[in-house]
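These are the residues of each chain, in order.
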Amino acid sequence: MQKIRKQIRGLYLSTAVGNLSLTGAWVAILAARGYSLAEIGLAETVFHITSLIFEIPSGVFADLFGRRKMLILSSFLRMIGNVVMILSGNLFMVCISLAFYATSYNFASGSGDALAYDSLKLVRRESYYEKYASNQLIIYRFCGGLSTLCAGFALLIGHRVAYGADILMSVIQIGLLLTLYEARVSGGEDFAANDCEREKGQAMRVTDSVKNALARCFLSSLTFMKRERRAIALMFTNSLIGAADILLLFFLQAKLPAAGMPNYALGFALFFMEMGGILGAKVILKWKRLRYRDLFAITMALVLFGVAVEHSGIWLFMIMGGFASAFCDDALQVRTDATLQDMFPSEQRATLISMESFTFSVIMVVLSPLAGLFFSWW
């Protein structure tokens with residue numbers, strides 16, 4: 001049990017370090033650099049098109065060659081994205097940087113959750129996963145809130161210094177990830193590899209070419225999805241709510257100052273809205289009897305409320321709408337994650353989690369440019 005506690009603690013710390021940043025309010029930073037909301041929306045679209053391309057392959061690689069390795073690769077890709085952003089002087093370079101960020105998120109998205117669930121399953125503590133998912137979202141929101149709280153400071157010191165500090169955080173994150181061990185549940189037999197040699201042994205058991213192994217893993221995941229139609233429905237409903245929340249909070253970074261909010265208060269407002277997600281992630285643990293369809297109806301209504309009050313032009317109402325949206329997003333995310341993890345087979349866990357992220361990217365590719373134009377007109 002001590003080993004699993006260390007593993008989970010390491011995943012928590014990695015998430016915290018990976019989300020502590022001076023560039024959390026990146027939309028505000030780009031706006032301050034002179035980019036329009038339409039251009040920022042286009043850059044966001046590039047991010048999600050990249051995710052569409054790499055999301056599922058990243059999950060397959062994690063399942064075949066080790067989740068820990070892909071988490072480390074994710075940190076390296078994030079560092080490259082930061083370097084490109086430091087050197088960027090036009091929208092094209094900004095888009096290239098966001099493409100690296102997208103691949104970084106791709107390799108981290110399914111790998112971390114799959115590693116956590118299988119680590120818990122090794123000691124028959126799967127029931128703890130919902131609390132783990134809740135805690136991860138709380139860490140994500142809190143650290144993201146602290147990052148946006150630094151919006152004013154980031155604008156003061158300039159984007160180059162801010163993104164340079166992010167490179168240092170990536171180095172620290174890699175150090176934390178190196179302390180983790182690979183955990184996998186396969187064919188009903190539990191095993192854990194706690195060093196690089198055993199991880200290498202897992203990959204070497206693939207007798208066919210890497211290309212065939214990737215295809216086989218992907219096709220197995222598609223077979224599961226075809227059989228479990230409910231999983232597809234859960235992915236799309238959760239992604240729809242998540243996309244609406246993310247876009248609302250992104251564009252509020254630029255819309256709140258335009259509505260008359262003092263610049264010094266922007267970071268505090270963004271932090272407060274992120275705290276809505278923390279409350280949602282905690283409250284949903286108390287609502288275990290609430291049916292999923294009822295939860296979705298409630299969250300959809302409140303997210304639409306947040307979008308509506310964004311157009312009020314009254315920044316206090318806009319903040320409350322953002323808070324409600326974040327609350328709903330994380331509440332639904334925790335319930336969805338726990339439900340899906342119980343359905344996924346271990347051998348394709350990272351791939352299937354990546355498919356959930358893939359559905360999110362599909363929705364975001366459609367909504368991002370539309371939202372950029374929509375919020376620009378209003």
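Above this text you will find the structure in question.
On a predicted model such as this, the values are computed, not experimentally measured, just so you know. (Residues numbered from 1 in each chain as written. Predicted model: local features only at pLDDT ≥ 70, side-chain atom pairs only at ≥ 80, totals over all residues. Heavy atoms only, no water.)

K.L.:
Tell me about helix α12 (residues 263-283), and name the residues and values.
P.N.:
When the terminal C-alpha atoms of α12 are compared, their 32 Å separation across 21 residues agrees well with the 30 Å that a helix rising 1.5 Å per residue should span. Within α12, 15 of the 21 residues are buried, which leaves the element mostly enclosed by the surrounding structure. (Helix = DSSP H or I, 4+ residues; strand = E, 2+ residues; numbered from the N terminus. Expected span 1.5 Å × (residues − 1). Buried < 20%, exposed > 50% of the residue type's maximum accessible area, 1.4 Å probe, protein only.)

K.L.:
Please provide a residue-by-residue account of the environment of Met85, values included.
P.N.:
Examined against the element boundaries, Met85 turns out to sit in helix α4 (residues 67-87). Residue Met85 is classed as buried on the basis of its relative accessible area, which comes to 1%. Separated by 15 residues in the primary sequence, Met85 and Phe100 have C-alpha atoms spaced 9.9 Å apart. In contact with Met85, other than residues within four places in its own chain, are Arg33, Val94, Ser97, Tyr101, His159 and Tyr163. (Contact = heavy atoms within 4.5 Å.)

K.L.:
I'd like a description of the environment of Leu247, backed by residues and values.
P.N.:
The residue Leu247 is located in helix α11 (residues 229-258) in this model. For Leu247, a relative accessible area of 5% corresponds to the buried category. For the pair formed by Leu247 and Ser368, sequence separation is 121 residues and the distance between their alpha carbons is 7.1 Å.

K.L.:
Outline the side chain of Ser239, listing residues and values.
P.N.:
For Ser239, the location among the structural elements is in helix α11. When its relative accessible area of 3% is taken as the criterion, Ser239 is described as buried. There is a polar contact of 3.4 Å between the side chain of Ser239 and the backbone nitrogen of Phe360. Non-local contacts of Ser239, meaning those with residues more than four positions away in its chain, are made with Glu356, Thr359, Phe360 and Ile363. (Polar contact = N/O pair within 3.5 Å; in protein donor to acceptor, adjacent residues only side chain to side chain.)

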